[in-house]
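Fold and contact review
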Amino acid sequence: MGLYDKFSRLAAERSSLQSLDPSPFGTRIDVVYSSTRGRIGGTDVILAGTNNYLGLTFDEDAIEAARHALTVEGTGTTGSRMANGSYGSHSALESELATFLNRPSVMVFSTGYVANLGIIGTLAGPREVVLLDADCHASIYDACTLGGAEIIRFHHNDAKDLERRMLRLGDRAKDALIIVEGIYSMLGDVAPLKEIVDVKRRLGGFLLVDEAHSFGVMGANGRGLAEEQDVEDDVDIILGTFSKSLAAIGGFAAGRSSEMEVLRYASRPYIFTASPSPSVVASVRSALKTIAARPQLREKLWSNAQRLYDGLAALGYSMGPRVSPVVPVMVGSKEQGVKFWRALIDQGVYVNLVLPPATPSGVTLVRCSVSAAHTSVQIDQIIEAFAALRPSLKLTA
Amino acid sequence: MFTQDVILENVLVCLRDMIPGAETVGPDSDMVDDLGLESVKMMDLLMKLEDDYDLSIPINILMDVRTPRQLAASLIGYLEKRNGPV
Ligand SMILES: Cc1ncc(COP(=O)(O)O)c(C=O)c1O
């Protein structure tokens, strides 16, 4: 038996879809004109399949900061912070994030995925139990596997179910890790943090919230869902990424107490990988300042989200449960979904096709994401594209 | 009451519910290759078993499990390791 044989089912399934050009699983955006416009093959498209929530990928201050860092600090650090040393800018970013989040301790990682591996995978060892929302991101599952903890799933966004499962654990619940996300990346729904915190207050546990999609996007100051729901003091660690609202790459963990600092010496995904490049750190620092200084970006994002949600709902599409910068539209079967996604590109709109099992409850959906940089005209163009395709999709909405 | 046979029977019932046209599923069917069960579905099945028995069973027991018989054995193995013979 060959090493690749176990992938034969996957290969067959994917090759049937890959013959499409462009393919939903290997889309190449040939030219990026701006944070909201690009070209795929010969077609100019509005980019509505990103996580560029605040539209900062072409922010002039961020680009200038990155350019300056390239000139004065070079292209890469060529090593890990533990073995080769941190740059001043790594530490500065950590303290600026700590100030922004109003938390004593922040650790920066090379990606959000690595942040999850580095924090969850180190805290949750073989003797620990993790209770995670069933719809949590793959990085969270992988992190639990890395650490070797026992993993118990609870029903998505169901605090009562979390409570039931914690009660079953008896005494072990007191030290269990509870992991949820802010905004969920596929349906755009948010965790019922207040209810989850209420369970935690009664039964114990250590709460981690992955604010990958909600940092910079929710809360009066952009600190995320925990800020929005006024439960920041009950969240032990906030996890986040620089790859979405902060428009670069990297990740972070922010502890409620400085106890977390010890993980710098224990977390293998922190120690054994290269630290973020100076230009990346510089653009993130700049974007963070922009997020703090310009709450209007968040307002624009949410008004765009509302406009798109209302427009698509009015067309009779079956949508996600709430208005959110992530706007999922259910599109029937896998085959219908692939055709629909393809036709949207022809209409000049790029979104993400998401097929089961990557989607919750086995539905096929196209995932639109809204940016503060979208103009109202662009949002209307997206709605028009969906309107043009509506007759092709027989749905009972 | 948690004998391997009882659990196996329950697993088979659940599978027949979950997969349309899966009447032919047997104790040694390969849940991934023969029944096309994705890993998320396997985890959902386990969640249902937890609720049926009102027990905590981590998804870690699914590692290396391919068939209903192996699932029942792995589950019993976990319970014995945690609580002594069941
Ligand atoms: C909830 C969640 N956590 C973590 C990540 C990983 O972040 P990154 O892309 O920075 O590795 C993502 C994004 O893909 C995510 O959606």
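Residues numbered from 1 in each chain as written. Chains lettered and ligands numbered in written order. Predicted model: local features only at pLDDT ≥ 70, side-chain atom pairs only at ≥ 80, totals over all residues. Heavy atoms only, no water.

**Focus: helix α3 (residues 68-83) of chain B**
The end-to-end C-alpha separation of α3(B) is 22 Å, in line with the 22 Å expected for 16 residues at 1.5 Å each. Of all the residues in α3(B), the buried ones are Pro68(B), Leu71(B), Ala72(B), Leu75(B), Ile76(B), Tyr78(B) and Leu79(B). Across the axial projection of α3(B), the buried residues extend over an arc of 155°, all falling on one side. Where α3(B) is buried, its residues contact β6 (150-154) of chain A together with α1 (4-18) and α2 (39-53) of chain B. With its phi angle positive at about 85°, Gly84(B) sits one or two positions after the end of α3(B). (Helix = DSSP H or I, 4+ residues; strand = E, 2+ residues; numbered from the N terminus. Expected span 1.5 Å × (residues − 1). Buried < 20%, exposed > 50% of the residue type's maximum accessible area, 1.4 Å probe, protein only. Arc of directions from axis to C-beta. Contact = heavy atoms within 4.5 Å.)

**A word on the site of the ligand**
Residue and element names in this part refer to chain A. Close contacts around the ligand come from 14 residues, with Tyr113, Asp210, His213, Thr241 and Lys244 the closest. Here an oxygen atom of the ligand sits 2.8 Å away from a polar atom, N or O, in the main chain of Gly112. Contact between the ligand and His137: an oxygen atom at 3.4 Å from a side-chain N or O atom of the residue. The fraction of the free accessible surface of the ligand (390 Å²) that becomes covered by protein chains is 84%. Among the elements that make up the shell around the ligand, the one with the highest residue count is helix α5 (residues 112-123) (three residues). Within the shell around the ligand, the residues separate by chemical class into two nonpolar, nine polar and three charged. (Near = heavy atom within 4 Å. Polar contact = N/O pair within 3.5 Å; in protein donor to acceptor, adjacent residues only side chain to side chain. Areas by Shrake-Rupley, 256 points an atom, 1.4 Å probe, with all protein chains shown as cover. Nonpolar A, V, L, I, M, F, W, Y, C, P; charged D, E, K, R; others polar.)

**With respect to unusual backbone geometry**
All names here are of chain A. Here Pro356 and Pro357 are connected by a cis peptide whose omega angle stands at 10°. Mapped onto the fold, Pro357 is located in the loop between β13 (352-354) and β14 (365-369). In the Ramachandran plot, Thr78 falls in the positive-phi region, its phi being about 60° despite a non-glycine side chain. Among the secondary structure elements, Thr78 is positioned in the loop between α2 (60-73) and α3 (81-84). Of note in the backbone geometry, Asp230 takes a positive phi value of approximately 60° without being a glycine.

**Overview of the domain arrangement of chain A**
All names here are of chain A. Partitioning chain A into domains gives domain 1 (10-47 + 295-392) and domain 2 (59-293). For domain 1 versus domain 2, the distance between C-alpha centres works out to 27 Å. Contacts between the two partners involve 19 residues from domain 1, matched on the other side by 20 residues from domain 2. Summing both partners gives a buried area of about 1,400 Å² for domain 1 against domain 2, and 63% of it is carried by carbon and sulfur. Among the residues domain 1 hides against domain 2, the three largest losses belong to Arg298, Arg322 and Pro360. Together they make up 39% of the total. Taken together, the connections running from domain 1 to domain 2 amount to zero salt bridges. Those elements that provide at least two residues to the side of domain 1 that touches domain 2 are α12 (295-314), β11 (326-330) and β14. The biggest single contributor to the side of domain 1 that touches domain 2 is α12, with six residues. (Domains from an automatic or database assignment. Buried area = accessible area lost by both parts, 1.4 Å probe. Salt bridge = Lys/Arg side-chain N within 4 Å of Asp/Glu carboxyl O.)

**Observations regarding the interface of chain B and chain A**
At the junction of the two partners, chain B supplies 20 residues and chain A supplies 17 residues. If you sort the residues of chain B by the area they bury against chain A, Met47(B), Ser56(B) and Ile59(B) come out on top, with a joint share of 32%. Inspection of the region where chain B meets chain A yields six salt bridges. Asp54(B) is the partner of Arg168(A) in a salt bridge, and the nearest nitrogen-oxygen pair spans 2.7 Å. Applying the counting criterion to the chain B and chain A interface returns 13 residue pairs in polar contact (both at pLDDT 80 or more). Elements that contribute at least two residues to the side of chain B that touches chain A include exactly α2 and α3 of chain B.

**Quick notes on the sheet that holds strand β12 (residues 349-350) of chain A**
Residues and elements named next belong to chain A. Strand order across the open sheet formed by four strands is β1-β2-β3-β12, with mixed pairing between neighbours. In this open sheet, the two edge strands, each paired with only one partner strand, are β1 (31-32) and β12. Examined bridge by bridge, strand β2 (residues 37-40) and strand β3 (residues 43-47) share four bridges and lie antiparallel to one another. Opposite Ile40, over in β3, you have Thr43 as the bridge partner. (Pairing = 2+ DSSP bridges.)

**Some words on the nonpolar core**
Residues and elements named next belong to chain A. By size, the foremost hydrophobic cluster in this structure holds 91 residues, and its most contacted members are Leu97 and Phe386. Those residues in contact with Phe386 that sit more than four places away from it in its chain are Leu312, Leu315, Tyr317, Val329, Phe340, Leu344, Val366 and Cys368. Listed in part, the 58 residues of the second largest apolar core include Ile120, Tyr141, Cys144 and Ile151. (Core = buried A, V, L, I, M, F, W, Y, C linked by side-chain atoms within 4.5 Å.)

**Observations concerning the sheet that holds β13(A)**
Residues and elements named next belong to chain A. Strands sit in the order β11-β14-β13 across an open sheet of three strands; the sheet is antiparallel. A single partner strand is all that each edge strand has here, and the edge strands are β11 and β13. Going from strand to strand, the sheet's axes swing by 30° on average, the running direction of each strand aside. Where β11 lies against β14, five bridges are found, and the strand directions are antiparallel. Looking at β14, one finds that Val327 is bridged to Cys368. Helix α13 (residues 334-346) contacts β13 and β14 of the sheet and is inclined by roughly 180° relative to β13. (Axes fitted to C-alpha atoms, helices over the stretch in contact; angles between N-to-C directions.)

**As for the pattern of salt bridges**
Counted under the stated rule, the structure contains 29 salt bridges over all chains. Among the salt bridges present, the one from Arg223(A) reaches Glu227(A), with a minimum N-O distance of 3.6 Å. Given the relative accessible area of 15%, Arg223(A) is considered buried. Across the pair Glu232(A) and Arg223(A) runs a salt bridge whose closest N-O atoms are separated by 2.7 Å. For the residue pair Glu232(A) and Arg223(A), the accessibility class agrees, reading buried in each case. Taken together, the shared-partner salt bridges in this structure form one network comprising Asp161(A), Arg164(A), Arg165(A), Arg168(A), Glu50(B), Asp51(B) and Asp54(B).

**Things to note about a nonpolar patch on the surface**
Together, Leu3(A), Tyr4(A), Phe7(A) and Leu10(A) make up a nonpolar patch on the protein surface, roughly 510 Å² of accessible area in all. For Leu10(A), the position within the fold is in helix α1 (residues 8-18). (Patch = residues over 30% accessible without salt bridge, like charges linked within 9 Å, V, L, I, M, F, W, Y side chains within 5 Å.)

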